[in-house]
Amino acid sequence: MTIRLPDSEGGLRAYEPRTEPLALTPGTPFTSRTVFSAAHVVADPFADTNPDSPAAVDWDATLAFRRHLWSHGLGVAEAMDTAQRGMGLDWAGAAELIRRSAAEARAVGGRIACGVGTDQIAGGSPAEVRAAYEEQLALVEESGAQAILMASRALAATAAGPEDYLDVYGHLLRQAAEPVVLHWLGPMFDPALEGYWGSSDLDAATDTFLEVIAAHPDKVDGIKVSLLDAQREIDLRRRLPEGVRCYTGDDFNYPELIAGDEQGFSHALLGIFDPLGPLAAQAVRVLDTGDTAGFRGLLDPTVELSRHLFQAPTRFYKTGVVFLAWLAGHQSHFTMVGGLQSARSLRHFARAYELADGLGLFPDPKLAEDRMKTLLALYGVNQ
């Protein structure tokens, strides 16, 4: 059986789907790396919403997906960019997501860390930004989850220079009950974060970032770096104080960064580990045995899919993530909060399907093929 997919010339080409998925089974947490999957939210397709209204979330399907990730030993990074923070999911929705997911984590013994931001305000003074951060930090700590201090659009808009970042983050770290993860999200993921840490010069920004950490090393569990620059992450990783981890957020270069070198390695907090969860978990278990080549052999072939999903405009990678969750049977529909299912083209979807199918990511290849044909038919492509 073949399926006709759009080609780069505006026509159609035949593709023969695989018939068997990879044999990927649940397992225990890892011993050599700490690995989080930044998980997406499942929209409620029956809600009467529009792109300007608050998000309507299918809580049952959303929590079921998190149980799927936990069953494979992965941690869940909750209410992050992958969950459409600032792109359909507002603070009220994120707060509910944090409460529900943290309770579910406690019930099943899953590891969870939650994003702390300032998206309940659009702007304001550094003091107002600090207060917004404090409100979210308190909620995450009350839920029992680890806190991830995310980059703030409001702080980027109002900060006069590095001193404001040092002041806001220093205040938050002093009052944090437990060590947090600091998140540096680059402008390719969110253009409003251009010049974060007080400078568009990444060397200067890095110095400020490290100054924050050096002043409070006991309150920083680690950093998450999402700049899509492997060498910069490696250089930064080597400058961290003893005991502070680097969690790669580089969805272009994650296999080499997680594998590491003679001077160290990165842990992981990745959006691509949403669709790759079971395969990524198997690869890390191979790495746990010391088999770096085996780890790379499993994970290197996934990079083409990841680079495809995260191609510019990178912030729309969430659309591909949810699309693959639908094809894989983790949700019954391809609907996203904010209508973001429209953010990529049919040709993009077709290539994502082909790459994911080639990797054996779909537990039921026939279901994935049928759903791909349904999408194609909606675009006028008859098989």
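Please refer to the structure higher up on the page.
All values derive from a computational prediction rather than experimental measurement. (Residues numbered from 1 in each chain as written. Predicted model: local features only at pLDDT ≥ 70, side-chain atom pairs only at ≥ 80, totals over all residues. Heavy atoms only, no water.)

Draft legend 1. Spotlight on the overall build of the protein. Within the protein, the regular secondary structure consists of 14 helices and ten strands. What you see for the protein is a C-alpha radius of gyration of 20 Å, in line with the 21 Å of a compact globule of 383 residues. C-alpha atoms of the protein, sized along the principal axes, occupy 60 × 50 × 45 Å. Here the protein holds 383 residues, and the buried ones make up 56% of them. The contacts of the protein with a sequence gap of at least 6 include a subset with a gap of at least 24, amounting to 70%. When the accessible surface of the protein is totalled, it reaches about 15,000 Å², and 49% of it is carbon and sulfur. (Helix = DSSP H or I, 4+ residues; strand = E, 2+ residues; numbered from the N terminus. Rg over C-alpha atoms; globule rule 2.2 N^0.38 Å. Buried < 20%, exposed > 50% of the residue type's maximum accessible area, 1.4 Å probe, protein only. Contact = heavy atoms within 4.5 Å. Areas by Shrake-Rupley, 256 points an atom, 1.4 Å probe, with all protein chains shown as cover.)

Draft legend 2. Summary view of the environment of glutamate 256. Position of glutamate 256 among the secondary structure elements: in helix 8 (residues 254-259). What makes glutamate 256 partly exposed here is its relative accessible area of 37%. Here glutamate 256 is in contact with Ala230 and Arg296, once residues within four sequence places are set aside.

Draft legend 3. Molecular detail of the nonpolar core. Membership of the largest hydrophobic core comes to 118 residues, with the highest contact counts inside it found for Tyr169, Leu182, Tyr196, Phe273, Phe323, Tyr353 and Met372. When residues in this core are grouped by element, the largest group, eight residues, is from helix 13 (residues 346-359). Apart from the residues within four sequence positions on either side, methionine 372 is in contact with Ile3, Leu5, Phe323, Leu327, Leu346, Phe349, Ala350 and Tyr353. If you look at the next biggest cluster of nonpolar residues, it comprises ten residues, including Ala38, Ile148, Met150 and Leu269. (Core = buried A, V, L, I, M, F, W, Y, C linked by side-chain atoms within 4.5 Å.)

Draft legend 4. Structural detail: the packing of helix 9 (residues 277-288) against helix 10 (residues 292-299). At a closest axis distance of 7 Å, the pairing of helix 9 and helix 10 adopts a crossing angle of 170°. On the basis of their axis angle, the class for helix 9 and helix 10 is roughly antiparallel. In this structure, helix 9 meets helix 10 at a crossing whose hand is left-handed. Mapping the contact onto sequence places Leu279, Ala280, Gln282, Ala283, Val284, Val286 and Leu287 in helix 9 and Thr292, Gly294, Phe295, Leu298 and Leu299 in helix 10. (Axes fitted to C-alpha atoms, helices over the stretch in contact; angles between N-to-C directions. Parallel < 35°, antiparallel > 145°, perpendicular 65-115°, else oblique. Left-handed = near helix turned anticlockwise from the far one by under 90°.)

Draft legend 5. Molecular detail of helix 13. Between its first and last C-alpha atoms helix 13 spans 20 Å; for 14 residues at 1.5 Å apiece the expected length is 20 Å, and the two agree. Burial within helix 13 is extensive, with eleven of its 14 residues counted as buried. Considered for burial, the residues of helix 13 that qualify are Leu346, His348, Phe349, Ala350, Ala352, Tyr353, Glu354, Leu355, Ala356, Asp357 and Leu359. Where the residues of helix 13 are buried, they touch strand 1 (3-6), strand 2 (12-15), helix 11 (303-309), helix 12 (317-327) and helix 14 (365-378). (Expected span 1.5 Å × (residues − 1).)

Draft legend 6. Highlighting unusual backbone geometry. With an omega of -5°, the peptide bond running from alanine 312 to proline 313 counts as cis. Examined against the element boundaries, proline 313 turns out to sit in the loop between helix 11 and helix 12. A positive phi is found at glutamine 84, a non-glycine position, where the angle reads about 70°. For leucine 228, which is not glycine, the phi dihedral falls at a positive 55°. With respect to the helices and strands, the residue leucine 228 is situated in the loop between strand 8 (220-226) and helix 7 (230-238).

Draft legend 7. Spatial organisation of the sheet that holds strand 7 (residues 180-185). With respect to topology, eight strands assemble into a closed barrel ordered 3-4-5-6-7-8-9-10, the strand pairing being parallel. Each strand axis lies, on average, 25° off the axis of its neighbour in the sheet, ignoring direction. Packing against the sheet, helix 3 (residues 126-143) makes contact with strand 5 (112-116) and strand 6 (146-149), and its axis sits at approximately 165° to strand 5. (Pairing = 2+ DSSP bridges.)

Draft legend 8. Molecular detail of the side chain of aspartate 221. Here aspartate 221 lies in strand 8. Look at aspartate 221 and you get buried, because its relative accessible area is 14%. One polar contact links aspartate 221 to tyrosine 247, side chain to side chain, over a distance of 2.7 Å. (Polar contact = N/O pair within 3.5 Å; in protein donor to acceptor, adjacent residues only side chain to side chain.)

Draft legend 9. Just the side chain of serine 101, in detail. Examined against the element boundaries, serine 101 turns out to sit in helix 2 (residues 91-108). Apart from the residues lying within four places of it in its own chain, the contact partners of serine 101 are Leu63, Arg66, Trp70, Glu78 and Ile112.

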